[in-house]
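Examination of the molecular architecture
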Amino acid sequence: LVNWITMQLVAPRPLPRLDFSKGIASGARTLVVVPTLITSAQSVEALAEKLEVRFLANRDPGLQFALLTDFADAREAALPGDDALLRLAARRIDELNLRHGAAFHLLHRPRLWNAGEGAWIGRERKRGKLEDLNALLRDGNREAFSRLAGPTTALAGVRYVITLDTDTELPRDAARELVGAMAHPLNRPRHDPADGRVTDGYGILQP
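Per the counting criterion, the structure on display carries 17 salt bridges. In this structure, Asp73 and Arg125 form a salt bridge, with 2.4 Å as the shortest nitrogen-oxygen distance. Of the two residues, Asp73 sits in the loop between β2 (63-71) and α3 (82-100) while Arg125 sits in helix α4 (residues 125-139), which places them 52 residues apart along the sequence. We classify Asp73 as partly exposed; its relative accessible area is 40%. Using a relative accessible area of 34% as the deciding quantity, one classes Arg125 as partly exposed. Of the charged contacts, one joins Arg125 and Glu117 as a salt bridge, the two residues approaching to 3.4 Å between their closest N and O atoms. Residue Glu117 is classed as partly exposed on the basis of its relative accessible area of 45%.

Here is the structure:
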């Protein structure tokens, strides 16, 4: 409701952006990531297919693509069939890399016990996924992940992350437009150590 009211009252103000139509600059390497659940073989196939479609619409050496996955909540840490699903997901990522080059990744987390939920779940669900991804990109910390597929060395130097819901499309060359906006000097976040927050520019853009 708040989002809808805001959109009715505030006129759009286009942001300045850099022209990356000929390729994303080396200092603005970006990871396109889909936080999601692996629930069945069919879901794995669909996730891999959609990731490939996003890649084909946004070919650029400065882009990497990843599935950031958990298993569904359960009453046990591991269920029959988990390993088979994970092997299938890793195999599909490997096949994409063989077909298109080293641009695809699987980043999978195990279930952990959550007393509040009374179940085994991926830690903090989607928010936890993104926190663990940041730790991997910033510090190379892989402890939160039980399975990685794809060339993780290609993630070194990633500066921006485009986060997509499972059903969100990434239209042709949209990634370059988004990265061009984030990388523009007038939009770059300026962090005030005294206040502990971003006081100018943008730490997050939501189109």
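Okay, back to it.
Let's shift gears to the pairing of strand β7 (residues 160-163). Side chains Tyr160 and Ile162 of β7 all project onto a buried face; the interleaved residues Val161 and Thr163 project onto a face where none is buried. By the bridge criterion, four bridges tie strand β1 (residues 30-38) to β7 in an arrangement that is parallel. Counterpart to Val33 in the pairing with β7 is Thr163.

Strand order in the open sheet formed by five strands is β6-β3-β2-β1-β7, and the pairing between neighbours is mixed. At either margin of the open sheet sits one strand with a lone partner, and together these are β6 (147-149) and β7. Taking the axes of each pair of neighbouring strands and ignoring which way they run, one obtains an average angle of 20 degrees across the sheet. Pairing between β2 and strand β3 (residues 104-108): five bridges, direction parallel. Of the residues in β3, the one forming a bridge with Leu67 is Leu106. Strand contacts of α4: β1, β2, β3 and β7, with the helix running at about 140 degrees to β1, the strand carrying the most contacts. Together, β1, β2 and β7 form the strand contacts of helix α5 (residues 174-183), whose direction differs from that of β7 by roughly 135 degrees.

The phi dihedral of Glu124 falls on the positive side, at around 55 degrees, and the residue is not glycine. Among the structural elements, Glu124 can be located in the loop between β5 (119-121) and α4. Residue Glu124 is classed as partly exposed on the basis of its relative accessible area, which comes to 39%. Positive phi, close to 60 degrees, is recorded for Asp173, a residue that is not glycine. Structurally, Asp173 is set in the loop between β7 and α5.

Let us look at the packing of helix α2 (residues 41-57) against α3. Where α2 contacts α3, the axes come no closer than 10 Å and their chain directions differ by 25 degrees. Comparing the axis directions of α2 and α3 gives the class roughly parallel. Relative to α3, α2 is oriented so that their crossing is right-handed. On α3, the residues touching Ala41, Val44, Glu45, Ala48, Leu51, Glu52, Phe55 and Leu56 of α2 are Leu85, Leu88, Ala89, Arg92, Ile93, Leu96, Arg99 and His100. For the contact of α2 with α3, the class distribution of residues is 11 nonpolar, one polar and four charged.

Conventions and cut-offs
Residues numbered from 1 in each chain as written. Predicted model: local features only at pLDDT ≥ 70, side-chain atom pairs only at ≥ 80, totals over all residues. Heavy atoms only, no water. Salt bridge = Lys/Arg side-chain N within 4 Å of Asp/Glu carboxyl O. Helix = DSSP H or I, 4+ residues; strand = E, 2+ residues; numbered from the N terminus. Buried < 20%, exposed > 50% of the residue type's maximum accessible area, 1.4 Å probe, protein only. Pairing = 2+ DSSP bridges. Axes fitted to C-alpha atoms, helices over the stretch in contact; angles between N-to-C directions. Contact = heavy atoms within 4.5 Å. Parallel < 35°, antiparallel > 145°, perpendicular 65-115°, else oblique. Left-handed = near helix turned anticlockwise from the far one by under 90°. Nonpolar A, V, L, I, M, F, W, Y, C, P; charged D, E, K, R; others polar.

Shape is all these values report; function is a separate question.
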